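# Chains, contacts and geometry: an overview
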Amino acid sequence: MPDIASEARPAVAGELDWVGMGEIEVPVSLPGTDGAVSGPARVTAFVNLTRPEVRGIHMSRLYLHVDKLLSSEPVSPCTVRRVLKEFLDSHADLSDRAMLKLRFEHMVRRPALESDNSGWRSYPIEITGIMERNQFSLELGVEVVYSSTCPCSAALARQLIQERFRQDFDGADSLDPAKVLAWLGSEQGICATPHSQRSTAEVRAKLVPSFQSFPIVEMIDRLEGALKTPVQTAVKRVDEQAFARLNGQNLMFCEDAARRLQAALNEDDRIADFWLRATHYESLHPHNAVAVASKGVPGGYGPDGAIGR
Ligand SMILES: Nc1nc2c(ncn2[C@@H]2O[C@H](COP(=O)(O)OP(=O)(O)OP(=O)(O)O)[C@@H](O)[C@H]2O)c(=O)[nH]1
């Protein structure tokens, strides 16, 4: 059979930074994630092409390595490293750099805030491994969704409630506690509410290389624990009330959310570098409020989340 990729010379010669396949469909499972399940992944498989005169790489070899290793065993840092090594071994004369990216949804059962119920959350995960000159680097990307209540709006609402209180009780010789209690429980009394919004935190973390397994659930727990107001699954009224309390106790601009996440990630010594973006999908505006933060490692992530090099 003719082998155009190997035998024919390209009409225009040149080295290529990356060449390979995107959106390969593979099922993945993860080890050691108690009570969690995973499903189909989309995989990107790339090598560079260092030989300007060679027409193409061996696409089929990348595909078969991905299929052999990712669909047959749970995905771990070790698996990613092995796949990358196979990419490079099978392109020994063409490439000295390889990349593997996996995107999938990781489903985790989450308990309700107060009731005995629980429900499923699906977290978008992106794992990226790069092997270059025998240096292996690994990045874990996670996205969590949370609620943010605007602190400014909360203060303005409180001011309106104070004004309404003055109007409604001005002139009274003494305050009747029962009347005040009823007023506090009325829509007429609590006449203004702050705006809240569904918000997302995207995090990309460069992991130190010693991991046995990907710390996906630990990372999600850390991020949600810092924000305090992750979105809920099964919700009874007791849960909704607890959520209202958490929102009231954790008023957040996007800057506050980004700093909370930054501090939480700085504490994790398994994370060598990180980039994060907090996006608040405002209900006040038709546009979003956005804050970006990183660890500040020299030569690390730039503001767009790309590894600076
Ligand atoms: N390099 C390259 N191959 C492509 C592209 N699009 C489709 N292919 C096809 O991918 C198929 C697999 O390529 P190879 O890995 O070279 O297949 P092969 O020569 O049978 O396998 P080896 O003997 O291992 O090299 C070929 O039929 C190519 O035509 C492309 O854009 N670039």
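Definitions and cut-offs
Residues numbered from 1 in each chain as written. Predicted model: local features only at pLDDT ≥ 70, side-chain atom pairs only at ≥ 80, totals over all residues. Heavy atoms only, no water. UniProt positions renumbered as here; feature names shortened; annotations may be inferred. Helix = DSSP H or I, 4+ residues; strand = E, 2+ residues; numbered from the N terminus. Rg over C-alpha atoms; globule rule 2.2 N^0.38 Å. Contact = heavy atoms within 4.5 Å. Areas by Shrake-Rupley, 256 points an atom, 1.4 Å probe, with all protein chains shown as cover. Lys, Arg positive; Asp, Glu negative; His and termini not counted. Charge placed at Lys NZ, Arg CZ, Asp CG, Glu CD. Polar contact = N/O pair within 3.5 Å; in protein donor to acceptor, adjacent residues only side chain to side chain. Near = heavy atom within 4 Å. Nonpolar A, V, L, I, M, F, W, Y, C, P; charged D, E, K, R; others polar. Buried < 20%, exposed > 50% of the residue type's maximum accessible area, 1.4 Å probe, protein only. Salt bridge = Lys/Arg side-chain N within 4 Å of Asp/Glu carboxyl O. Domains from an automatic or database assignment.

An unreviewed UniProt entry annotates the protein chain as GTP cyclohydrolase FolE2 originating from Pseudomarimonas salicorniae. As recorded by UniProt, the Pathway (unreviewed entry) comment attached to the protein chain reads in full: "Cofactor biosynthesis; 7,8-dihydroneopterin triphosphate biosynthesis; 7,8-dihydroneopterin triphosphate from GTP: step 1/1."

### Let's talk about the overall build of the protein chain
When helices and strands are tallied, the protein chain shows eight helices and eight strands. Computed over C-alpha atoms, the radius of gyration of the protein chain comes to 26 Å, more than 25% over the 19 Å expected from 2.2 N^0.38 for 309 residues, which places it beyond the range of a compact globule. Put simply, of all contacts in the protein chain between residues at least 6 apart along the chain, 69% involve residues at least 24 apart. Total accessible area on the protein chain is roughly 16,800 Å²; 51% of this is exposed by carbon and sulfur atoms. Taking the average place of the 34 positive charges on the side chains of the protein chain and the average place of its 41 negative ones, the gap between the two points comes to 2 Å.

### Comments concerning the environment of Arg97
Residue position: Arg97 is located in strand E3 (residues 97–111). Along the backbone, Arg97 and Val47 are 50 residues apart, and their C-alpha atoms lie at a distance of 5.5 Å. Within the local environment of Arg97, its side chain forms a polar contact with the side chain of Glu132, the two groups lying 3.4 Å apart.

### A look at the site of the ligand
With respect to spatial proximity, the complete set of residues near the ligand consists of Asp3, Gly56, Ile57, His58, Met59, Ser60 and Arg61. In the model, a nitrogen atom of the ligand is placed 3.0 Å from a nitrogen or oxygen of the Ile57 main chain. Among the residues forming the shell around the ligand, the class breakdown is two nonpolar, three polar and two charged.

### Section: the side chain of Asp273
When you line up the elements, Asp273 lands in strand E7 (residues 271–280). Buried charged residue Asp273 carries no salt bridge. Nearest counter-charge: Lys206, at 6.2 Å. Among the polar contacts listed, one links the side chain of Asp273 to the backbone nitrogen of Tyr301, at a separation of 3.3 Å.

### Structural notes on unusual backbone geometry
Phi is positive for Glu23, which is not a glycine, with a value near 60°. What makes Glu23 partly exposed here is its relative accessible area of 44%. Even without a glycine there, the phi angle at Lys228 is positive, about 75°. The topology assignment puts Lys228 in the loop between helix H6 (216–227) and helix H7 (237–249).

### What about the domain arrangement of the protein chain?
Once the domains are mapped, the protein chain shows domain 1 (4–150 + 195–294) and domain 2 (155–184). For domain 1 and domain 2, the distance between their C-alpha centroids amounts to 50 Å.

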